[in-house]
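Here is what each chain is made of, one letter per residue.
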Amino acid sequence: MKTIIVTGGAGYIGSHTLIELLNNTDYNIVSIDNFSNSSVASYDRVKKLVSRPFQTFNIDLCNENDLRLQLSGLTNIEGVIHFAAFKSVPDSVADPVLYYFNNINSLNNLLKFSKEKQIRNFIFSSSCSVYGNADELPVTEDTPLKKAESPYGHTKQIGEEIIRFFCASNPWLNAVILRYFNPVGAHMSGLTGELPVTKPNNLAPIITQTALGKNTLTVFGSDYNTRDGYCVRDYIHVTDIADAHIKALHYLTEHRNKKSVSLYNLGTGNGVSVLEVIQSFEKVSGKKLNYGVGPRREGDVVAVYANNSLAKEELGWSPQYSLDDMMLSAWKWQLTIEKGG
Ligand code: WQD
């Protein structure tokens, strides 16, 4: 049986992708995670939602020798899906070197490992933050990249270039780069979702925690040049993101790719303001959210949302979930957490 390696498989998007891989493909699935922003409990929640086992390895991808040693016995590896990276915009502003060291070294080590094992298919987790403050919206995959507004976004810009040059010098490797917009929500079963190890920086978990009085939402800025003065993002359900990885894997393994490196926006195509996210949450939860408005957050892009037609056309991918679905699933998951789930 062929093997797919998922790095960061205990993380938010990684664990949701494990579920889709285990339930919708026949690959032997191997997950690598060092639990720097996740916990082994994430695997326990995945096991409740799938009907077959998967292998796990506790590896820090920045430790090249440990990666090679622990995975030395793996053969017949069909592909790698690389999620493992630090991904907080504000944390990256606070500690740039940590982000450059972790996100770049882990990618380099994984590519070297892929060469040694002659792994032919590589899917890279990138981000809409590579666009910076784009001149035109929605952004397409051909939109020129502006200066990254955060070290996080810059590590993704650098990662994409590393993959391009690596594939150019190793034509046996084919890659798909997936630029996620803002993944939010939780598995529709309510049995797993985003569970940050530390206090979250991103909007959705802060909203659901605030609704239970466990956090305090401050909206960062209401004076932006947008339709209501609040930052605009393209929020997309995490299961839609996970599904795109299955489709990208089939795209590569069925040799439908026309180039050695293919690039896709994973967004709904809808730009939504912070206020509109709050209003959606209040509608689906029936909870009135208490929040304040504070100063702008450094590193924030004013507005970004996707033209997602290329992923639809070439991957056959189309987002299925609405903003209300995202907020309701996030709320259901928060209530599960409260019940000790
Ligand atoms: C969203 C909006 C904040 C918290 C993301 C992540 C990651 C990446 C895309 C893939 C912004 C506002 C937030 C709060 C707020 N995708 N906000 N108060 O910054 O777009 O970063 O980039 O890798 O999903 O890195 O996501 O959720 O932090 O912020 O007002 O307490 O919510 O200002 O406008 P962001 P976010």
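Residues numbered from 1 in each chain as written. Predicted model: local features only at pLDDT ≥ 70, side-chain atom pairs only at ≥ 80, totals over all residues. Heavy atoms only, no water.

Novice: How do you make sense of the overall build of the protein chain when you look at a structure like this?
Specialist: The helix and strand inventory of the protein chain stands at 11 helices and 13 strands. Computed over the C-alpha atoms, the radius of gyration of the protein chain is 19 Å, within 12% of the 20 Å expected from 2.2 N^0.38 for a compact globule of 341 residues. Taken along its principal axes, the extent of the C-alpha atoms in the protein chain is 55 × 45 × 40 Å. The buried share among the 341 residues of the protein chain stands at 57%. Considering only residue pairs separated by 6 or more positions, the protein chain has 81% of its internal contacts joining residues 24 or more positions apart. (Helix = DSSP H or I, 4+ residues; strand = E, 2+ residues; numbered from the N terminus. Rg over C-alpha atoms; globule rule 2.2 N^0.38 Å. Buried < 20%, exposed > 50% of the residue type's maximum accessible area, 1.4 Å probe, protein only. Contact = heavy atoms within 4.5 Å.)

Novice: Would you mind showing me how to read the side chain of Asp-234 here?
Specialist: Within the element layout of this structure, Asp-234 appears in the loop between strand 9 (232-233) and strand 10 (235-237). Of the side chains with opposite charge, Lys-312 comes closest to the buried, unpaired Asp-234, at an N-O distance of 9.9 Å. From its side chain, Asp-234 meets the backbone nitrogen of Thr-268 in a polar contact 2.8 Å long. Excluding residues within four positions of it along the chain, Asp-234 makes contact with Phe-181, Asn-182, Gly-267, Thr-268, Gly-269, Asn-270, Val-304, Tyr-305 and Ala-306. (Lys, Arg positive; Asp, Glu negative; His and termini not counted. Salt bridge = Lys/Arg side-chain N within 4 Å of Asp/Glu carboxyl O. Polar contact = N/O pair within 3.5 Å; in protein donor to acceptor, adjacent residues only side chain to side chain.)

Novice: What should I look at first to understand the layout of surface pockets in this one?
Specialist: By rolling a water-sized probe across the atoms, one finds the places where empty space is left. Of the voids in this model, the second largest pocket is the one considered here, and its volume is about 250 Å³. Lining the second largest pocket we find 15 residues, and of these Glu-141, Asp-142, Lys-259, Leu-263 and Leu-310 sit closest to its centre. Ranked by the residues each element gives to the lining of the second largest pocket, the list is headed by strand 11 (residues 261-266), at 4 residues. A per-class count over the lining of the second largest pocket returns 5 nonpolar, 4 polar and 6 charged. (1 Å grid on protein atoms, 1.4 Å probe; cavity = no way out; pocket = protein on both sides within 12 Å on 5 of 7 lines; lining within 4 Å. Points joined across faces, edges and corners; volume = space filled by probe spheres on them. Nonpolar A, V, L, I, M, F, W, Y, C, P; charged D, E, K, R; others polar.)

Novice: Looking at this structure, I do not really get the pairing of strand 4 (residues 77-82). What am I missing?
Specialist: In the case of a regular strand, side chains alternate between the two sheet surfaces. Counting buried positions along strand 4 yields 6 of 6 residues, so the element is predominantly enclosed. Summarising the sheet, strand 4 and strand 5 (residues 121-127) pair through 3 bridges and their orientation is parallel. Residue pairing in the sheet places His-82 in a bridge with Phe-124 of strand 5. (Pairing = 2+ DSSP bridges.)

Novice: In this structure, what is going on with the packing of aromatic side chains? I would like to understand it.
Specialist: Taken as a whole and judged by the stated rule, the model has 7 aromatic pairs. Each ring, one from Tyr-43 and one from Phe-54, has its centre 5.6 Å from the other, and the planes form 65°; the classification is edge-to-face. Pair noted here: Tyr-43 is in helix 2 (residues 41-47) and Phe-54 is in the loop between helix 2 and strand 3 (55-57), with a separation of 11 residues, a long-range link. When sorted by exposure, Tyr-43 lands in the same class as Phe-54, which is buried. (Phe/Tyr/Trp six-rings, centres within 6.5 Å; stacked < 30°, edge-to-face > 60°.)

Novice: In this structure, what is going on with the site of the ligand? I would like to understand it.
Specialist: Neighbouring the ligand are 23 residues; Tyr-152, Thr-218, Arg-233, Arg-297 and Asp-300 lie closest to it. In the environment of the ligand, an oxygen atom lies 2.8 Å from a nitrogen or oxygen atom belonging to the backbone of Leu-203. For the ligand, an oxygen atom lies 2.7 Å from a polar atom in the side chain of Arg-297. Here the ligand, which alone exposes 690 Å², has 93% of that area covered by the protein. (Near = heavy atom within 4 Å. Areas by Shrake-Rupley, 256 points an atom, 1.4 Å probe, with all protein chains shown as cover.)

Novice: Quick question: what am I supposed to make of helix 1 (residues 12-24) here?
Specialist: Note: α-helices contain 3.6 residues per turn, so residues at a spacing of three or four share the same orientation. With 13 residues, helix 1 ought to run about 18 Å at 1.5 Å a step, and its terminal C-alpha atoms sit 19 Å apart, in line with that. In terms of burial, helix 1 is a largely internal element, 11 of the 13 residues being buried. By the burial criterion, the buried members of helix 1 are Tyr-12, Ile-13, Gly-14, Ser-15, His-16, Thr-17, Leu-18, Ile-19, Glu-20, Leu-21 and Leu-22. (Expected span 1.5 Å × (residues − 1).)

Novice: Looking at this model, I keep getting lost on the sheet that holds strand 3. Mind explaining?
Specialist: In sheet architecture, strand pairing relies on hydrogen bonds along the backbone and comes in two forms, parallel and antiparallel. If you trace the 7 strands from one edge of the open sheet to the other, you get 3-2-1-4-5-6-11, paired in parallel fashion. In this open sheet, the two strands that pair with only one neighbour each are strand 3 and strand 11. With direction set aside, neighbouring strand axes in the sheet form an average angle of 15°. Across the sheet, helix 1 touches strand 1 (3-7), strand 2 (28-32), strand 4 and strand 6 (174-180), and the angle it forms with strand 2 is around 170°. Packed on one face of the sheet, helix 6 (residues 151-169) meets strand 5, strand 6 and strand 11 and runs near 155° to strand 5. (Axes fitted to C-alpha atoms, helices over the stretch in contact; angles between N-to-C directions.)

Novice: Sorry if this is basic, but what is going on with helix 8 (residues 238-253) here?
Specialist: Helix length check: helix 8 (16 residues) gives 23 Å between terminal C-alpha atoms against 22 Å at 1.5 Å per residue, within 8%. Extensive coverage of helix 8 is indicated by the burial of 13 of its 16 residues. Downstream of helix 8 by one or two residues, His-255 has phi in the positive range, about 55°.

Novice: Can you help me understand the pattern of salt bridges in this one?
Specialist: On inspection of all chains with the given rule, the structure shows 17 salt bridges. The residue Arg-179 makes a salt bridge to Glu-160 at a minimum N-O spacing of 2.6 Å. Here Arg-179 is found in strand 6, whereas its partner Glu-160 is found in helix 6, with 19 residues between them in sequence. Exposure remark for Arg-179: the relative accessible area of 2% places this residue in the buried category. On the basis of relative accessible area, Glu-160 is assigned to the buried category, the value being 1%. One salt bridge connects Arg-233 with Asp-300, and the closest N-O pair in it is separated by 3.6 Å. Of this pair, Arg-233 sits in strand 9 while Asp-300 sits in the loop between strand 13 (291-294) and helix 10 (309-315), and the two are 67 residues apart along the sequence.

Novice: Which parts of the structure should I look at to understand empty space enclosed by the protein?
Specialist: Scanning all chains against the criterion turns up 2 cavities of 30 Å³ or more. There is about 110 Å³ of room inside the largest cavity. For the lining of the largest cavity, the secondary structure elements donating two or more residues are helix 7 (203-211) and helix 11 (323-338). One number sums up the size of the second largest cavity: a volume of about 40 Å³. Taken together, His-82, Ala-84, Ala-85, Asn-103, Ile-104, Phe-124, Thr-155, Lys-156 and Gly-159 make up the lining of the second largest cavity. Every element with two or more residues in the lining of the second largest cavity is listed here: helix 5 (96-116) and helix 6. The greatest single-element share of the lining of the second largest cavity, amounting to 3 residues, is contributed by helix 6.

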